[in-house]
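Descriptive structure summary
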Amino acid sequence: LQELDGHLGGKVKVVKVNADESLDLSLCYDIHSVPTLLFFIAGSPCFRIVGTATREAIETKIKCLSQQTQGRKPFKSLSAIRAANHANEQTQPQGP
């Protein structure tokens, strides 16, 4: 992933999250197995790979998604995603 991050010249943002240390994100994005790769477009998950994947498979998927999203908003930062998730949790009705 680090190689791809450098190879694609800033066209994508690669963020690594420790699922055990970020249970809020793991629950929010329904992560049950590691590794899990989530692909986001404009802050919303659009594709996932569960388990290992080759560099070529990941690169192909990134290129395919980037071609489909020409002209869309840039990716949100991880902190922006967390803030939005926290705001959504605050507005959800609580159980009895």
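Now for a quick tour of the structure.

Rules behind the numbers
Residues numbered from 1 in each chain as written. Predicted model: local features only at pLDDT ≥ 70, side-chain atom pairs only at ≥ 80, totals over all residues. Heavy atoms only, no water. Phe/Tyr/Trp six-rings, centres within 6.5 Å; stacked < 30°, edge-to-face > 60°. Helix = DSSP H or I, 4+ residues; strand = E, 2+ residues; numbered from the N terminus. Lys NZ or Arg CZ within 6 Å of the ring centre and 35° of its normal. Buried < 20%, exposed > 50% of the residue type's maximum accessible area, 1.4 Å probe, protein only. Pairing = 2+ DSSP bridges.

**Let's talk about the packing of aromatic side chains**
Within the structure shown, the criterion is met by two aromatic pairs. Look at tyrosine 29 and phenylalanine 40: their rings are 5.2 Å apart centre to centre, the planes differ by 90°, and that puts the pair in the edge-to-face class. Note that tyrosine 29 is positioned in the loop between helix 2 (23-28) and strand 1 (36-41) and phenylalanine 40 in strand 1, a separation of 11 residues in sequence. The ring of phenylalanine 47 is capped by lysine 61, whose NZ or CZ atom sits 3.9 Å from the centre of that ring.

**Things to note about the pairing of strand 1**
Of all six residues in strand 1, five are buried; the element is thus mostly enclosed. In this structure, strand 1 lies alongside strand 2 (residues 44-50), joined through six bridges in antiparallel fashion. Looking at the pairing, leucine 37 lines up with isoleucine 49 of strand 2. Between strand 1 and strand 2, which pair antiparallel one after the other, the connecting turn spans two residues, and alanine 42 there sits at a positive phi close to 50°.

These values are about where atoms sit, not about what they do.
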